[in-house]
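Structural characterization, general
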Amino acid sequence: MAEPARLLLAHAPTPLEPAPRFSAEVTGTEVWLKRDDCTGLAFGGNKARKLEYLMASAREAGADTIVTFGGVQSNHTRCTAAAARRLGMDCHLILAGSPPSETTGNLLLDHLLGATLTFLCLTPSELTAPRVEAAFLDVEERLRSQRRRPFRIGPGGSTPVGALGYHRAMEEIISQSHQTGSRFTHVLVAFGTGGTLAGLVLGNILAGRPFDVIGISVAPPGMPASLGVPPVADLVDRAAALLDRRVDVRDEDVRVLYDYTGRAYGVPSPEGVEAIRSLARTEGVFLDPVYTGKAMAGLVDLCRRKVIGADERALFIHTGGTPALFAYSGALTR
């Protein structure tokens, strides 16, 4: 079986950089950054790698309009709208939440890209998989009535096809680690809907499990299921099948920590804000308040508690999201 089609949307390979001052002053453990905030598509981020496969599938299906789902400040919807425009397609975004009083951050970029927006005015606790599915079906039905050809991309691009983007990224990481002579013990990444983690887990298994892969959740348990996204292990199995491979996904392969979520998804945590400030002031690198700030707060805590030892080396996947900084100025400046 041939690997599913892929388009070139991301600037890759992305840099693999040490963070020496952050390591010395904050963690006490050697930390490196995989700079997937530099993938290039509409301010970059991890979604560009997933969209290389997802948009190829849309093109093969003859679609002229992409339909996808995310939060009001979704990185995924911003990148998806940009990818659609690059391929000459329209994009319809279903956004979970009410229209804000000010259009800023990712939402501003959605407007500049000319995406059609539908606000699903529900709180996170009100979101369920049936409600998300109903919203998709309603938009798709309206588009078909207008003789459009919609193509659905699930929340976060977290589908078996989308997960292939981070299977490929793991191959890139392994190659770069050999080139630099950097033997990483741990790979850490923010966990939202799970597609990025699934791809990394698949790549790690197929490479013989050289790393301890850890997802740091940015929301309390249950968010992927509430959006209709399959569990990580299922995504890994189904993505492997697309490569004509069979994998044995063990419990220890899918490690997700829920200790750093803060009050809710999309609500900055004090520890996450401190991690953002620390990396900016030691390395000049910006994290975001929704995903990477919380994930880096988890990495810092794991290092300080010696769960990741001082003699080990951690690789942090910087999945981007920096446009959201501008929508959270109040939380970041208090």
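To be clear, the structure that these remarks concern was listed above.
Remember, predicted model here, so these are calculated numbers, not experimental data. (Residues numbered from 1 in each chain as written. Predicted model: local features only at pLDDT ≥ 70, side-chain atom pairs only at ≥ 80, totals over all residues. Heavy atoms only, no water.)

Right, let's talk about unusual backbone geometry for a bit. For the bond running from Ala-12 to Pro-13, omega is 5°, close enough to zero to count as cis. Summarising the element assignment, Pro-13 is placed in the segment before strand 1 (16–18). A positive phi angle, near 65°, is found at Arg-147, a position not held by glycine. With respect to the helices and strands, Arg-147 occurs in the loop between helix 5 (129–145) and strand 6 (150–153). Given a relative accessible area of 76%, Arg-147 falls into the exposed group. The phi torsion at Arg-209 lies on the positive side, around 60°, for a residue other than glycine. (Helix = DSSP H or I, 4+ residues; strand = E, 2+ residues; numbered from the N terminus. Buried < 20%, exposed > 50% of the residue type's maximum accessible area, 1.4 Å probe, protein only.)

As a further point, take helix 6 (residues 160–180). The end-to-end C-alpha distance of helix 6 is 31 Å, a good match for the 30 Å that 21 residues give at a rise of 1.5 Å each. The element helix 6 is extensively covered by neighbouring structure, given that 15 of its 21 residues are classed as buried. Phi for Gly-181, located one or two positions after helix 6, is positive at around 75°. (Expected span 1.5 Å × (residues − 1).)

Ranked by internal contacts, the top residues of the largest apolar core, which has 75 residues, are Leu-51, Met-55, Ile-66 and Phe-69. Here the element with the most residues in this core is helix 6; it accounts for eight residues. For Phe-69, the contacting residues outside a window of four places in its chain are His-76, Thr-77, Ile-94, Ala-96, Leu-120, Leu-127, Val-132, Phe-136, Ile-153, Pro-155, Gly-156 and Leu-227. Judged by nonpolar contacts, the second largest core, of 34 residues, contains Leu-257, Ala-297, Leu-302 and Tyr-328. (Core = buried A, V, L, I, M, F, W, Y, C linked by side-chain atoms within 4.5 Å. Contact = heavy atoms within 4.5 Å.)

Taken in spatial order, the four strands of this open sheet run 5-4-3-6, and their pairing is parallel. The open sheet has two edge strands, strand 5 (116–120) and strand 6, and neither has a second partner. With strand direction ignored, the average angle separating the axes of adjacent strands in the sheet is 25°. For strand 4 (residues 90–96) and strand 5, the ladder comprises five bridges, and the chain directions are parallel. The residue of strand 5 that forms the bridge with His-92 is Thr-116. Running at roughly 165° to strand 3 (residues 65–71), helix 3 (residues 75–86) makes contact with strand 3, strand 4 and strand 6 of the sheet. (Pairing = 2+ DSSP bridges. Axes fitted to C-alpha atoms, helices over the stretch in contact; angles between N-to-C directions.)

Mapped onto the elements, Lys-34 comes out in strand 2 (residues 30–35). What Lys-34 contacts, discounting residues up to four positions off in sequence, is Thr-14, Pro-15, Leu-16, Arg-49, Glu-172, Ile-173, Gln-176, Leu-315, Phe-316, Ile-317 and His-318.

We now examine the packing of aromatic side chains. Counted under the stated rule, the structure contains three aromatic pairs. Relative to Phe-184, the ring of Trp-32 has its centre 5.7 Å away and its plane inclined at 80°; by these criteria the two rings are edge-to-face. On the criterion of sequence distance, the pair formed by Trp-32 in strand 2 and Phe-184 in the loop between helix 6 and strand 7 (186–191) is long-range, its members being 152 residues apart. Here Trp-32 and Phe-184 have matching classes, each one buried. Arranged with centres 5.8 Å apart and planes meeting at 70°, the rings of Tyr-265 and Tyr-291 form a pair that is edge-to-face. Of this pair, Tyr-265 sits in the loop between strand 9 (255–257) and helix 10 (270–283) while Tyr-291 sits in the loop between helix 10 and helix 11 (292–304), and the two are 26 residues apart along the sequence. Among the residues examined, Tyr-265 registers a relative accessible area of 26% and is labelled partly exposed. (Phe/Tyr/Trp six-rings, centres within 6.5 Å; stacked < 30°, edge-to-face > 60°.)

Functional significance is not addressed by these values, which are geometric in nature.
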